Amino acid sequence: MQIHGRAYRSIWLAEDGWRVQVIDQTRLPHEFRIATLDSVQAAAQAIRDMWVRGAPLIGATAAYGLCLALRQDSGDASLAAAARLLLDTRPTAINLRWAVERLQRVVAPLPPAERAAAAYAEAARLCDEDVATNAAIGEHGLAVLRERWRELGGERPLRILTHCNAGWLATVDWGTALAPIYKAHDGGLPVMVWVDETRPRNQGAALTAWELGAHGVPHQVVADNAGGLLMQRGEVDLCIVGTDRTTRCGDVCNKIGTYLKALAARAHDVPFYVALPGSTIDWTLCAGADIPIEERSPREVTHIHGKNPQGRITEVQLTPDGSPARNPAFDVTPAALVSGLITERGVCPASEAGLRGLYPEAT
Ligand code: MRU
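Residues numbered from 1 in each chain as written. Predicted model: local features only at pLDDT ≥ 70, side-chain atom pairs only at ≥ 80, totals over all residues. Heavy atoms only, no water.

(A) Representation of empty space enclosed by the protein. Counted under the stated rule, the structure contains 2 cavities of 30 Å³ or more. In this structure, the largest cavity encloses a volume near 180 Å³. What lines the largest cavity is a set of 22 residues, among which G54, A55, N165, D244 and N254 lie closest to the centre. Where the lining of the largest cavity is concerned, the elements lending two or more residues are α2 (55–72) and β11 (252–255). Its residues assigned to classes, the lining of the largest cavity comprises 9 nonpolar, 9 polar and 4 charged. Looking at which domains feed residues into the lining of the largest cavity, each of domain 1 (2–129) and domain 2 (137–358) supplies at least three. The volume enclosed by the second largest cavity comes to roughly 30 Å³. Around the second largest cavity, the lining residues are P200, R201, Q203, K255, R296, E300, N327 and A329. Tallied by class, residues from the lining of the second largest cavity come to 2 nonpolar, 2 polar and 4 charged. (1 Å grid on protein atoms, 1.4 Å probe; cavity = no way out; pocket = protein on both sides within 12 Å on 5 of 7 lines; lining within 4 Å. Points joined across faces, edges and corners; volume = space filled by probe spheres on them. Helix = DSSP H or I, 4+ residues; strand = E, 2+ residues; numbered from the N terminus. Nonpolar A, V, L, I, M, F, W, Y, C, P; charged D, E, K, R; others polar. Domains from an automatic or database assignment.)

Right under this line is the structure:
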């Protein structure tokens, strides 16, 4: 991704070769601030406080968090404690567990003196793979967009609705749901993106709009509640979202509000696609109801952040003093409402047979 004329990934190593740098996403879109993580505690804080977010990037940050822990102390107890600390940061995104277990499998059999170097090599591999995976999701998703565009006559831009941020900021590069959109835009297929603001944290309004704008992709931010009307009026041609965890039976857990969009899409015959890497599939679960849903601070509902007229990022209160609030951060869209899953290996029905067809080796 190009920012201010420079190519960035969303996570990288500092010049010293061991500290980890990320973009502090809590400051976007108003300030581009790079945060440097020098301990597993800092990596855990970056995930918990959502300086980094998005399932694949959470996984990549956790992988580097383990590297930072092993650099300080490469013993078994340190490895176990670091894994526990990281796994406890956010419960829903399965990529976190996937990444931590992947690194543990690589380093645990090694003598402690070799672990840190091996962990850094594996974390770098994981990040490179994420980029390649998302580029492949982009290609498969592009075919879906192209087909829909032709089906609708191919005369006007394809109007795509997305929820939350499943762009390059949520991954190491490219994004999942936004990868096909970038490929379409770059390849000359005209698109216009409806960006759900995505209350309470506004990842759509703040992050997706910023990314799309930086890339020159036409878009309009809409209030979360606008999607139903837009679909009813035939102004949405296709929905595409990311996911934090998809069960082997195709139930899709994603940012709160996704389910309502899937319901509206079904009611109005709008195709509803989910883009995901294989690392987001939870093969241990079938029923989406068994996915743990993160409950975040009610303050994210009662308060909101923005830039004040003096240009400072500030927080204001929305609700009456003392009004209680509840903040479930994700919901589950049943497989029956999903038109297809777009993965790095191709597009499949949202079902166990569909996923097993693409990932026959999964256990
Ligand atoms: O709470 P967040 O911002 O981490 O939630 C992110 C999402 O819901 C994304 O859609 C999901 O992680 C897919 S990211 C490629």
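(B) Just the sheet that holds strand β17 (residues 340–343), in detail. In spatial order, the strands read β8-β7-β6-β9-β12-β17-β18; together these 7 strands make up an open sheet with mixed pairing. At either margin of the open sheet sits one strand with a lone partner, and together these are β8 (219–222) and β18 (346–348). Here the average twist between neighbouring strands, direction ignored, is 25 degrees. For β17 and β18, the ladder comprises 3 bridges, and the chain directions are antiparallel. Its bridge partner being in β18, L341 is matched across the sheet by C348. In the packing of helix α7 (residues 203–215) onto the sheet, contacts are made with β6 (158–162), β7 (191–196) and β8, and the angle to β7 comes to roughly 160 degrees. (Pairing = 2+ DSSP bridges. Axes fitted to C-alpha atoms, helices over the stretch in contact; angles between N-to-C directions. Contact = heavy atoms within 4.5 Å.)

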